[in-house]
Amino acid sequence: GGSDGAVVARGEPCQLGIDEAGRGPVLGPLVYGCCWAPLSQRKLLDKSAFDDSKKLTPAARAELFDGIQQCAASGDSGGGGSSS
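Owing to the predicted nature of the structure, the values given are computational and were not obtained by experimental measurement. (Residues numbered from 1 in each chain as written. Predicted model: local features only at pLDDT ≥ 70, side-chain atom pairs only at ≥ 80, totals over all residues. Heavy atoms only, no water.)

Q: When you look at the overall build of the protein in this model, what are you seeing that I'm missing?
A: What the protein contains, in helices and strands, is three helices and two strands. Put simply, the protein runs from its N terminus to its C terminus through helices and strands in the order α-β-β-α-α. Counting every position in the protein, which comprises 84 residues, the buried fraction comes to 15%. Of all intrachain contacts in the protein linking residues separated by at least 6 positions in sequence, the fraction that spans at least 24 positions is 40%. By element, 57% of the accessible surface of the protein is carried by carbon and sulfur atoms, the whole surface being about 6300 Å². (Helix = DSSP H or I, 4+ residues; strand = E, 2+ residues; numbered from the N terminus. Buried < 20%, exposed > 50% of the residue type's maximum accessible area, 1.4 Å probe, protein only. Contact = heavy atoms within 4.5 Å. Areas by Shrake-Rupley, 256 points an atom, 1.4 Å probe, with all protein chains shown as cover.)

Q: Help me understand helix α3 (residues 58-74) in this model?
A: Its 17 residues give α3 an end-to-end C-alpha distance of 24 Å, which sits within 8% of 24 Å, the value for a rise of 1.5 Å per residue. For α3, the elements touching its buried residues are α2 (42-48). (Expected span 1.5 Å × (residues − 1).)

Q: So what exactly am I meant to see when it comes to a nonpolar patch on the surface here?
A: Residues Leu16, Ile18, Tyr32 and Trp36 make up a contiguous nonpolar surface patch of roughly 490 Å² in combined accessible area. Going through the elements one at a time, β1 (14-22) and β2 (30-38) are the ones with two or more residues in the nonpolar patch. Tracing the sequence through the fold places Tyr32 in strand β2. (Patch = residues over 30% accessible without salt bridge, like charges linked within 9 Å, V, L, I, M, F, W, Y side chains within 5 Å. Salt bridge = Lys/Arg side-chain N within 4 Å of Asp/Glu carboxyl O.)

Structure (C-alpha cells):
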C-alpha cells in the first residue's frame, strides 16, 4: 500500500503540512489537504514561504502550485516554487 512518493523519502524523516479551505461543517463545506516533504528540503520550503497560503499573492500561489504539480508528476521530492 501507500503512494509511490513514499518510496522517495523511505528512511528519511519527513514533515507534514496540513491546511484547510472552506468555512466548516456549520457554515459550509470544509476541505483538508496534506503534503509531506523530506526534512532535507527544509531550507527550500522555508525560502518558498509555504507557512500560510493566505499570505501568498495569487501569482505566488499559482507558481508554487505549478511547481508542486510538476514534482508530483515526476516523482521528485523537491524543487517546487520560486527561489526569489
